[in-house]
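# Close look at the chain arrangement
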Amino acid sequence: MPSQKALIRRPGPRLADGLVTHVERTPVDPERALTQWEAYVAALREHGWETVEVGAADDCPDAVFVEDAVVMYRNVALITRPGAASRRGETAGVEEAVSRLGCSVNRVREPGTLDGGDVLKVGDTIYVGRGGRTNADGVAQLRAVFEPLGAKVVAVPVSKVLHLKSAVTALPEGTVVGYGPLVDAPSLFPRFLPVPEEAGAHVVLLGGGKLLMATSAPRTAELYSDLGLEPVLVDIGEFEKLEGCVTCLSVRLRELHS
Ligand SMILES: NC(=O)NCCC[C@H](N)C(=O)O
């Protein structure tokens, strides 16, 4: 039976020192962040996801953004080498977690850098953002690991936001959604739907037509409802202050067999 597991990692004691690159720093409230994280995890569980907590990496302020430490394709994991040196200590715990789940494990090696937030899977197409965190060598290593398994890797430029998935994600049938001013090259996607808010571009597919998304994109939530989809809204405001979005707080493992 295919299982639905999601890796998560609770916010650490240094969360408020997380990196900011494209936004101005505003103070993070650690208690509110924990409450928001717990509600995010509860939403995953309510929609059929078994959550697997990755061990703490308390020296790394950004460790809660667990998506950046690994890319999954079927049951094959590629442990990343984050573009920001301060995040490299996050990967060991994630490697341990995916190994425990029986995944086969590959690793991005120096001089490659790759953040999971730069990787968007749509069916067997893997879009990878070449931007501030992921370099050309990282793209080449991703391609070398996943193309032999049947994936098609498409590299896309990312210059206006932190990660590819800060700009675009995809709806259940594969339409790529993005906030136009932040997308470098929308014509690279076979079907592209512009949305009216930046955070509206970030959806986590919960199954069926359900989309986990942030309360900060109410007009886009309305647009998705109008298209027959079911937005499930969570407030992740404290993480948005650190350029986080709904995708980066978990890694969904859809095709593990248990
Ligand atoms: N995949 C993601 O969107 N990750 C967000 C990472 C935010 C963190 N403050 C960082 O700059 O690395």
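All of these numbers come straight from a predicted model, not from anything done at the bench.

## Comments concerning the nonpolar core
Counting 38 residues, the largest nonpolar core has Tyr40, Leu44, Leu212, Tyr224, Ile236 and Phe239 as the members making the most contacts within it. Going through the elements one at a time, strand S1 (2-8), helix H1 (30-46), strand S12 (204-207), strand S13 (210-214), helix H5 (218-226) and strand S14 (230-234) are the ones with two or more residues in this core. The leading source of residues in this core is H1, at six residues. Leaving out residues up to four positions away in the same chain, Leu44 has contacts with Ala6, Ile8, Trp49, Thr51, Leu206, Leu212 and Ser250.

## Let's talk about the packing of aromatic side chains
The description of two aromatic rings rests on the distance between their centres and on the angle between their planes. Overall, the coordinates contain four aromatic pairs when judged by the stated rule. On the basis of an interplanar angle of 55 degrees and a centroid distance of 5.6 Å, the ring pair of Tyr73 and Phe146 is categorised as tilted. Taken as a pair, Tyr73 in strand S3 (residues 70-73) and Phe146 in helix H3 (residues 136-146) lie far apart in primary sequence, 73 residues in all. Like Tyr73, the residue Phe146 is buried in the burial classification. Pairing Tyr127 with Phe189 gives two aromatic rings, centres 4.9 Å apart and planes at 70 degrees, and the pair type is edge-to-face. Of the two residues, Tyr127 sits in strand S7 (residues 125-130) while Phe189 sits in the loop between strand S10 (176-178) and strand S11 (192-194), which places them 62 residues apart along the sequence. The structure contains a cluster of three or more aromatic residues connected by ring pairs, namely Tyr127, Phe189 and Phe192.

## Thoughts on the sheet that holds S14
The pairing of strands in a sheet comes from backbone hydrogen bonds and takes either a parallel or an antiparallel form. Spatially, S12-S13-S14 is the arrangement adopted by the three strands of the open sheet, whose pairing is mixed. Every interior strand has two partners, whereas the edge strands, S12 and S14, have only one. Along the sheet, successive strands turn relative to each other by an average axial angle of 35 degrees, direction set aside. Two elements, S13 and S14, share five bridges in a ladder whose sense is parallel. Across the sheet, Met213 pairs through a bridge with Leu233, a residue of S14.

## Side note on the site of the ligand
Taken together, 15 residues sit near the ligand, with Leu19, Asp62, Arg87, Arg133 and Leu242 positioned nearest. Separating a nitrogen atom of the ligand from a side-chain N or O atom of Asp68 is a distance of 2.8 Å. Between the ligand and His163, the relevant distance is 3.4 Å, taken from an oxygen atom to a side-chain nitrogen or oxygen of the residue. Burial of the ligand by the protein amounts to 100% of the accessible area it has alone, namely 350 Å². Its residues assigned to classes, the shell around the ligand shows six nonpolar, three polar and six charged.

## Side note on the side chain of Asp62
When you line up the elements, Asp62 lands in the loop between strand S2 (50-53) and S3. Of the buried charged residues, Asp62 lacks a salt bridge, with Arg87 as the closest side chain of opposite charge at 4.5 Å. In contact with Asp62, other than residues within four places in its own chain, are Gly18, Leu19, Arg87 and Glu90.

## A look at the pairing of S13
In terms of residue burial, S13 counts as a mostly covered element, since four of its five residues are buried. Following the chain from S13 across H5 to the adjacent parallel S14, one finds a crossover that is right-handed.

## Notes on the confidence of the model for the chain
Here the chain averages 97 in pLDDT, and 98% of its residues register 70 or above. Complex prediction metrics read pTM 0.97 and ipTM 0.98.

## Observations regarding H1
End to end, H1 covers 24 Å across 17 residues, agreeing with the expected 24 Å (1.5 Å per residue, within 8%). Along H1, the positions that sit buried rather than exposed are Ala33, Gln36, Trp37, Tyr40, Val41, Ala43 and Leu44. Seen end-on, H1 carries its buried residues on one side only, within an arc spanning 155 degrees. Those residues of H1 that are exposed and aimed more than 90 degrees away from the buried face are Glu31, Thr35, Arg45 and Glu46. The N-capping residue of H1, defined by a side-chain oxygen 3.0 Å from the backbone nitrogen of Glu31, is Asp29. A positive phi of about 95 degrees marks Gly48, the residue just after H1.

Calculation rules
- Residues numbered from 1 in each chain as written.
- Predicted model: local features only at pLDDT ≥ 70, side-chain atom pairs only at ≥ 80, totals over all residues.
- Heavy atoms only, no water.
- Core = buried A, V, L, I, M, F, W, Y, C linked by side-chain atoms within 4.5 Å.
- Buried < 20%, exposed > 50% of the residue type's maximum accessible area, 1.4 Å probe, protein only.
- Helix = DSSP H or I, 4+ residues; strand = E, 2+ residues; numbered from the N terminus.
- Contact = heavy atoms within 4.5 Å.
- Phe/Tyr/Trp six-rings, centres within 6.5 Å; stacked < 30°, edge-to-face > 60°.
- Pairing = 2+ DSSP bridges.
- Axes fitted to C-alpha atoms, helices over the stretch in contact; angles between N-to-C directions.
- Near = heavy atom within 4 Å.
- Polar contact = N/O pair within 3.5 Å; in protein donor to acceptor, adjacent residues only side chain to side chain.
- Areas by Shrake-Rupley, 256 points an atom, 1.4 Å probe, with all protein chains shown as cover.
- Nonpolar A, V, L, I, M, F, W, Y, C, P; charged D, E, K, R; others polar.
- Lys, Arg positive; Asp, Glu negative; His and termini not counted.
- Salt bridge = Lys/Arg side-chain N within 4 Å of Asp/Glu carboxyl O.
- Right-handed = clockwise from strand over helix to strand, strands pointing away.
- pLDDT = per-residue confidence, 0-100.
- Expected span 1.5 Å × (residues − 1).
- Arc of directions from axis to C-beta.

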